[in-house]
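Summary of the model geometry
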Amino acid sequence: MTVRETFDIALPAFVGGAKKHLIGGQWVDSQSGERIEVINPATGEAIGQIARGTVADVDSAVAAARRAFEGEWSRWTPHQRRKLLLKVHDVLLDNFGELAVIETLDMGAPLLRTRGLKEWTSQVLQFYASQTNAATIESAPNSLPGNFMTLKHRAPVGVVGGIIPWNGPLIGQWWIFGPALATGCTAVVKPAEDASLSILRTAELMLEAGVPEGVINVVTGYGREAGQALAEHGDVDRIAFTGSYQTAQSVIRASAGNIKRLQLELGGKSPDIVFADADLDKAVPGAAMGVYTNSGQVCVAGTRIFVQRAIQDEFVERMKAFTSTIRVGNGLAPDTQLGPLISQRQLDRVMHYIDLGGQEGARLSGGGKRLGGKLASGFFVEPTFFDDVSNDMTIAREEIFGPVASIIPFDDIEDALRLANDTAYGLAGGVWTQNLSTAHKASRAIKAGTVWVNCYGVLDPAIGFGGTRMSGYGWKGSREHVEGFLSPKAVYINLD
Ligand code: TXE
């Protein structure tokens, strides 16, 4: 690991000062007047404030979204919505350099990553622009006696609440804004209290691009206040939530009042299986970055690396060599690969798991420490890996959400698959092998929404992803996602 402390970059004017909620096309303070400090996780310094939304602010945002849903927006044609999405695409891409710096300052991910999201954002917006004809009316053939014409409508569900985590708001927001704009829904988004700025700036740019008043609304604030109010709100039709399964459980309870539709994407403890015949030149960096990307704060992180016993020693030596090349530090330095964790709370959580790994008997083979020196005021942890982990240790069972990998040895494919599926989660998994039959057997058997073979973490918005078991339900991306923002309705017309 090498450390990056210095950088030289112009900071965007948007960062700093007190930000407001976006409600009905207007920027407004919280009704309580209260605010939350915005902390740069690379320095621990306050870089501004966001509004602390509560029930009253959520009420007015939902009312604005409802007015917009019932109003002029409901008469926009698919063609108009497609043009709007493409205009949003162009405006965002023109301003992407600024958005990337804002994201880096707000949540720590390095510019290498945030700038790299430009192409991905383009693909996502292009995909949702291609979906604006999804809200269709079909004339369906039927098997009724008599002379009936049957129509099947697909209408937008209405007001959608989006609750977004802090680990990638520039990405996460599109799983709500994209399908909402494509289908003619309206949205109220509650970003995470730790990372709201890039969503607020995106919202500003969306207004500039011509998104009508009230179609998208953003209320910032704490989860237990603004998030809870959104999940409980009687006039919200659907909630798209990404976060921990514990919070999802309260969102499920809160949503029961008006039987909201839910889409839940909740972390994992994904297995990444390296067979002895794998090409280790690819498998080692692939599996390592499958955990360390975004400092491990990725829902699909392949944190349980199962390594066939015959190559365990070689794999560990290569992991040591690979991690020694990783550049960690302030994300504003242009070649930094890993930035800080999001917050002191997350740092404490990750350090707790690192301690626990040692206590439970795993061998610490790389990293394990918080970074000091000029980075001591930020929330940095070395890329860390434990060897000889057993699948029942806490570090192999609970989501750590930090740069911590567990290497777990296995004997044969049956052993690997049994261990891989011995988890409460089911979001993703990986397989590294040069044997086609092993690749097919393993990818079929892993109980998860996505399996990568000889790669890790690639994502096509037209294909999408989602989880099973404790990783949640409901697909993000692809036509299936768009369908979730629509409600079917049948109309039977007796022609006699
Ligand atoms: O998540 P929360 P936290 C996991 C990861 C991490 C752990 C804790 O393991 O270490 O969760 O992170 C809002 N009603 N993931 O505490 O609480 C909150 O304001 C409604 C995995 O930050 O789930 C934020 O906007 N909303 C994950 C969002 O929920 C509430 C990404 C997520 O916060 C709420 C993040 C409530 N009662 C964390 N309480 C992934 N799947 O990628 C909080 N929120």
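Values in this document were obtained by computation on a predicted structure and should not be read as measured data. (Residues numbered from 1 in each chain as written. Predicted model: local features only at pLDDT ≥ 70, side-chain atom pairs only at ≥ 80, totals over all residues. Heavy atoms only, no water.)

Attention now moves to the domain arrangement of the protein chain. Its domain assignment divides the protein chain into domain 1 (9–266 + 471–491) and domain 2 (271–459). Taken over C-alpha atoms, the centre of domain 1 sits 31 Å from the centre of domain 2. Contacts between the two partners involve 29 residues from domain 1 and, on the opposite side, 30 residues from domain 2. Here domain 1 packs against domain 2, burying approximately 2300 Å² in sum over the two surfaces, 61% of which is carbon and sulfur. Scanning the region where domain 1 abuts domain 2 turns up 0 salt bridges. Viewed at the interface, domain 2 and domain 1 are joined by 8 residue pairs in polar contact (both at pLDDT 80 or more). Only helix 3 (96–107) and helix 4 (111–129) provide two or more residues apiece to the side of domain 1 that touches domain 2. Broken down by element, the residue count for the side of domain 1 that touches domain 2 peaks at 5 residues, all from helix 3. For the side of domain 1 that touches domain 2, the class distribution of residues is 19 nonpolar, 6 polar and 4 charged. (Domains from an automatic or database assignment. Contact = heavy atoms within 4.5 Å. Buried area = accessible area lost by both parts, 1.4 Å probe. Salt bridge = Lys/Arg side-chain N within 4 Å of Asp/Glu carboxyl O. Polar contact = N/O pair within 3.5 Å; in protein donor to acceptor, adjacent residues only side chain to side chain. Helix = DSSP H or I, 4+ residues; strand = E, 2+ residues; numbered from the N terminus. Nonpolar A, V, L, I, M, F, W, Y, C, P; charged D, E, K, R; others polar.)

Attention now goes to empty space enclosed by the protein. Summed over all chains, the structure comprises 4 cavities of 30 Å³ or more. What the largest cavity holds in volume is close to 50 Å³. Lining the largest cavity are 15 residues, and of these Pro-271, Thr-423, Tyr-425, Gly-426 and Ala-428 lie nearest its centre. Taken together, the residues that form the lining of the largest cavity break down as 7 nonpolar, 4 polar and 4 charged. (1 Å grid on protein atoms, 1.4 Å probe; cavity = no way out; pocket = protein on both sides within 12 Å on 5 of 7 lines; lining within 4 Å. Points joined across faces, edges and corners; volume = space filled by probe spheres on them.)

Attention shifts here to the layout of surface pockets. The volume enclosed by the largest pocket comes to roughly 1200 Å³. Of all the secondary-structure elements, those providing two or more residues to the lining of the largest pocket are helix 8 (223–232), strand 11 (238–242), helix 9 (245–254) and helix 12 (344–359). Of all the elements, helix 9 adds the most residues to the lining of the largest pocket, at 6 residues. A breakdown of the residues in the lining of the largest pocket according to their chemical character gives 16 nonpolar, 13 polar and 10 charged. Three or more residues apiece are contributed to the lining of the largest pocket by two domains, here domain 1 (9–266 + 471–491) and domain 2 (271–459). What the second largest pocket holds in volume is close to 910 Å³. What lines the second largest pocket is a set of 40 residues, among which Arg-113, Ile-171, Thr-293, Val-298 and Gly-457 lie closest to the centre. Contributing elements (two or more residues each) for the lining of the second largest pocket: helix 4, helix 5 (169–172), helix 6 (174–183), strand 11, strand 12 (261–265) and helix 10 (280–292). Ranked by residue count, the leading element in the lining of the second largest pocket is helix 4, at 5 residues. Each residue belonging to the lining of the second largest pocket can be placed in one class, and the counts come to 23 nonpolar, 14 polar and 3 charged.

In this section: the packing of helix 1 (residues 55–70) against helix 8. For any two helices packed against each other, the geometry is given by the interaxial angle and the distance between the axes. Contact geometry for helix 1 and helix 8: axes closest at 8 Å, N-to-C directions at 40°. Considering their axes alone, helix 1 and helix 8 lie oblique with respect to each other. In terms of crossing hand, the pair formed by helix 1 and helix 8 is right-handed. Across the interface between the two elements, Val-55, Val-58 and Val-62 of helix 1 pack against Ala-226, Ala-229 and Leu-230 of helix 8. (Axes fitted to C-alpha atoms, helices over the stretch in contact; angles between N-to-C directions. Parallel < 35°, antiparallel > 145°, perpendicular 65-115°, else oblique. Left-handed = near helix turned anticlockwise from the far one by under 90°.)

The next thing to look at is the side chain of Thr-202. With respect to the helices, strands and loops of the structure, Thr-202 is situated in helix 7 (residues 197–208). A distance of 3.1 Å separates the side chain of Thr-202 from the side chain of Gln-173, its partner in a polar contact. Among residues more than four places away in sequence, those in contact with Thr-202 are Leu-92, Leu-99, Leu-170, Gln-173 and Trp-174.

The subject of this paragraph is the sheet that holds strand 20 (residues 450–453). Strand order in this open sheet of 7 strands is 16-17-18-14-13-19-20, and the pairing throughout is mixed. Looking along the sheet, the strands with just one partner apiece sit at the ends: strand 16 (363–366) and strand 20. Direction aside, neighbouring strands of the sheet carry axes that sit 25° apart on average. Pairing of strand 17 (residues 384–387) with strand 18 (residues 404–410) involves 3 bridges; the strand directions are parallel. By the bridge assignment, Phe-385 is partnered in strand 18 with Ala-405. Across the sheet, helix 11 (residues 312–323) is in contact with strand 13 (271–274), strand 14 (304–308), strand 16, strand 17 and strand 18; its angle to strand 17 comes to roughly 165°. (Pairing = 2+ DSSP bridges.)

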